[in-house]
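Reading the structure
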Amino acid sequence: MERIIRQLMDFARPVKPVRGEIRVNELVQSSLAQIDPELERHQVEILPVENGADLHIHGDRLRLEQALINLLRNAIQAASGGQLRLSWQAGVNGGLSITVEDTGTGVELQNVAHILEPFFTTKPVGVGTGLGLAVVNAVMNEHGGRIEIGRSELGGALFRMWLPAGSDKEVSS
Ligand SMILES: Nc1ncnc2c1ncn2[C@@H]1O[C@H](COP(=O)(O)OP(=O)(O)OP(=O)(O)O)[C@@H](O)[C@H]1O
Ligand SMILES: [Mg+2]
């Protein structure tokens, strides 16, 4: 119940956005730290990656963290007992992308068009509310970014957040 309420509040975004300069390394580390108990519980291993670049984003740290945690949580649930990979890359014109991939079974084709909708879930009652990706989508809109959904070479799903340079699109709240 507590988790559902927290997700609803994240979705409704009652707080004013706080914009600042964020190091992607720190965003990744703090998101992983928060999701660690779930990694343990589901026995999911994180595959090492070469992420040489020390990239920065201008954005709302807590919102971006929330988005990344939601992608990680989905990957963990999909790849229980398996692996996930978290990587990031500089994009065109100073933008960047952050990618979460897993060894699950991927998103079913007929669901791809619906998974960003609030309350769309294929998980049992009590497990999924269907707000995770709706929050990711909202956070991308706030930052002028977008989500890419695909299939990973690891066998499961690939979710990529594309963020433009100076992701500081003003939102009317
Ligand atoms: N990594 C993934 N692999 C396979 N399917 C996924 C993955 N991530 C999301 N999905 C699909 O997208 C649906 C919607 O995801 P979303 O995060 O919005 O909601 P949820 O995970 O079902 O519930 P909640 O996030 O509110 O706990 C999931 O129910 C699942 O069918
Ligand atoms: Mg989810």
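Refer to the structure presented above.
All of the points below concern the structure found in this document. (Residues numbered from 1 in each chain as written. Chains lettered and ligands numbered in written order. Predicted model: local features only at pLDDT ≥ 70, side-chain atom pairs only at ≥ 80, totals over all residues. Heavy atoms only, no water.)

**Comments concerning the layout of surface pockets**
Reported here for the largest pocket is a volume of approximately 700 Å³. Residue lining of the largest pocket: 30 residues in total, with Asn-74, Gln-77, Thr-122, Lys-123 and Leu-133 positioned closest to the centre. Elements with a minimum of two residues in the lining of the largest pocket: helix H1 (2-12), helix H3 (61-78), strand S5 (96-102), helix H4 (132-142) and strand S7 (157-163). Partitioned by chemical class, the residues of the lining of the largest pocket number twelve nonpolar, 13 polar and five charged. (1 Å grid on protein atoms, 1.4 Å probe; cavity = no way out; pocket = protein on both sides within 12 Å on 5 of 7 lines; lining within 4 Å. Points joined across faces, edges and corners; volume = space filled by probe spheres on them. Helix = DSSP H or I, 4+ residues; strand = E, 2+ residues; numbered from the N terminus. Nonpolar A, V, L, I, M, F, W, Y, C, P; charged D, E, K, R; others polar.)

**What to know about the sheet that holds strand S6 (residues 146-151)**
What the five strands build is an open sheet, ordered S2-S4-S5-S7-S6; its pairing is mixed. In this open sheet, the two strands that pair with only one neighbour each are strand S2 (45-47) and S6. The average undirected angle you get between the axes of adjacent strands in this sheet is 20°. With six bridges connecting them, S5 and S7 associate as antiparallel partners. (Pairing = 2+ DSSP bridges. Axes fitted to C-alpha atoms, helices over the stretch in contact; angles between N-to-C directions.)

**Examining helix H2 (residues 24-42)**
Taking 1.5 Å per residue, 19 residues should reach 27 Å; H2 reaches 25 Å between its end C-alpha atoms and fits that length. At Ile-35, H2 shows its maximal bend, which comes to roughly 55°, and the proline Pro-37 appears one to four places after that position. Among the residues making up H2, those that are buried are Val-24, Leu-27, Val-28, Ser-31, Leu-32, Ile-35, Glu-38 and Leu-39. (Expected span 1.5 Å × (residues − 1). Bend = angle between axes of the 7 residues up to and from the residue. Buried < 20%, exposed > 50% of the residue type's maximum accessible area, 1.4 Å probe, protein only.)

No statement about biological role is implied by the geometric values presented.
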